[in-house]
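# Remarks on the overall topology
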Amino acid sequence: MQIRKVTVLSVLCISLVGSLFATTLAAPKQITLSVLYDYVTEAGRASVQKSLDLYQKKHPNIKLNVQVVTQAKWAEVVKTRAIANDLPDVAMAVPQRVGEWATVGKLEAGNKYIPKSVLNKYSKARLLSDTYNDGQIYGLPFADSVRAVAYNADYFAKAGIKPPTKAKDAWTWDQMVEAAKKAQAASGAKYALQFGKASMDSWLAFIYQAGGALMSDDFSKATLDTPEVRKALEWTVKLHKDGIAAPGIIDGTEDPLRLFASGATTLWMPTDNSLILNLSSQAKFKFGFTFMPRDAQQATVIGGSDWIAFKGNHPKESWDLVLYMVSASPMKDFNEALTAIPPRSDVHVKWSVHPEFASFFAEQARQIPEALIKQQLHPAYGATRDKLLQELSACVSGQKSVDDALAAMNQYMNDSLKQNHY
């Protein structure tokens, strides 16, 4: 009998140990993912955080260590983390930033993780921002914004001016400046117009409007020292020198949103649809949008945000998070919160403020030259855009001549193209 009891007890113990062992094997592995995202508005920040919180709730085995930065600080933060060998696993980035990290081997390709059903929902042109190194995909688009011209409708009404409502009727440079000056005279605004925020992207469209380009069609050399680019830069400098354009915008010492919303200028070129929410809450006047001006041709710039995966210890889990963030629900919430345009064909939004502007921005988005898209998304531009902005700012503020600024811009671009063999 004693032998039988020991045997039964042993069986029970073995069974219990086996059960515990099986439970341990079945428990999902606990991992930590580092996430970095940037923001322009508080509404966008809240939307991203909400989606990340929901993801972590659905995946209790994953801990998200989140860092939030302003869009202006993103490049500095990522470079600092790269030096410290502490790059995030997943990050949100503007499309122009993806190429520089993909081409130096710091990003994790997601080709084996991305279902074809997801890829098919994006246009080939938009996927260019995340596709490098012979078709390797390092991220997916999350939101789009389109540069256009915002104007103070009350000021223009006083001047009896109706801005163009069709792309084919877009103002020329001279027509836009004259319209702004008339609106200024009628309203008493401090300045006739203002440029976009301190970003090379905000000024990029004027290069292409003048018929210029960042680089040759075969990406072999820079083309920033051409008569066309010179024309765009001289035009910009003259508007500032003559007191027509508000100072401090391009060099980042003045907040363009605050300036326009205060009524100090009659129009803002360019701004984009993501600022509609802030304009609605800050401007005490009726505002509208018209098309980017034209010179040799029409041109605008499409910006936005992508989610990318850096190389790390958990590539599958990183890409699982990327795919979640660009899925229908998070994308819809973010683009509605930011009055942005979802890049997936199956995601449709209704802006909570000024939904009537959506069709306008859709038409404005069609006014983008193919060369501009390809060159704006080229890694050489992403790697030099901050230096190009420094030269532009120095020239507009009078610290550098047009000749010196163009020579420096061209040298920066050539060095990047040759050094990295893009």
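Before reading further, recall that the structure is shown in the block above.
Counting restarts for each chain: residues are numbered from 1 in the order of the written sequence. pLDDT decides what is reported in this predicted model: residues at 70 or higher carry local features, side-chain atom pairs at 80 or more are listed and counted, and totals for whole chains, interfaces and linings draw on all residues regardless. Excluding hydrogens and water, the side-chain figures rest on all heavy atoms present in the structure.

Helix 13 (residues 315–325) packs onto helix 2 (residues 42–58) with a crossing angle of 130 degrees between their chain directions and a minimal axis gap of 11 Å. Our classification of the angle between helix 2 and helix 13 gives oblique. In this structure, the crossing between helix 2 and helix 13 has a hand that is right-handed. Contacts between helix 2 and helix 13 involve Val-48, Ser-51, Leu-52, Leu-54 and Tyr-55 from the former and Glu-317, Asp-320, Leu-321, Tyr-324 and Met-325 from the latter. Put simply, Ala, Val, Leu, Ile, Met, Phe, Trp, Tyr, Cys and Pro go in the nonpolar bin, Asp, Glu, Lys and Arg in the charged bin, and everything else, Gly too, in the polar bin. Residue composition of the contact of helix 2 with helix 13, by class: seven nonpolar, one polar and two charged. Helix axes are fitted only over the stretch in contact, all axes being lines through C-alpha atoms; the angle between N-to-C directions runs from 0 to 180 degrees. Segments assigned H or I by DSSP are reported as helices when at least four residues long, segments assigned E as strands when at least two residues long, and all are numbered from the N terminus. Each angle receives one of four descriptions, namely roughly parallel if under 35 degrees, roughly antiparallel if over 145, roughly perpendicular if within 65 to 115, and oblique otherwise. In this scheme the handedness of a crossing depends on how the near helix is turned from the far one: anticlockwise by less than a right angle means left-handed, clockwise means right-handed. We call two residues in contact when some of their heavy atoms are within 4.5 Å.

So, about the packing of helix 8 (residues 173–187) against helix 10 (residues 227–241). Where helix 8 contacts helix 10, the two axes come as close as 13 Å, and the packing angle between them is 10 degrees. Classified by the interaxial angle, the pair formed by helix 8 and helix 10 is roughly parallel. From helix 8, Trp-173, Met-176 and Val-177 reach across to helix 10, where they touch Lys-231, Ala-232, Trp-235 and Leu-239. Counted by class, the contact of helix 8 with helix 10 contains six nonpolar, no polar and one charged residues.

With that out of the way, let us pick up the pairing of strand 7 (residues 191–195). Judged by how many residues are buried, strand 7 sits mostly within the fold: five of five residues are covered. Paired strands, as defined in this entry, are two strands with at least two bridges between them according to DSSP. As defined by bridge partners, strand 7 adjoins strand 8 (residues 265–272) across four bridges and the pair is classed as parallel. Paired with Gln-194 across the strands is Trp-268, a residue of strand 8. Using a 1.4 Å probe on the protein chains alone, a residue whose accessible area is under 20% of its type maximum counts as buried, one over 50% counts as exposed, and one in between counts as partly exposed.

Attention now goes to the nonpolar core. Nonpolar cores were defined as sets of buried Ala, Val, Leu, Ile, Met, Phe, Trp, Tyr and Cys residues, with membership established by side-chain atoms within 4.5 Å. Of all hydrophobic cores here, the largest spans 79 residues; its most connected members are Leu-193, Phe-195, Leu-267, Met-269 and Met-413. Sequence-distant contacts of Met-413, that is, excluding residues within four places in its chain, are made with Leu-214, Met-215, Ala-222, Leu-224, Ala-380, Tyr-381, Thr-384 and Leu-388. Grouped together as the second largest cluster of nonpolar side chains are 33 residues, Leu-33, Tyr-37, Ile-62 and Met-325 included.

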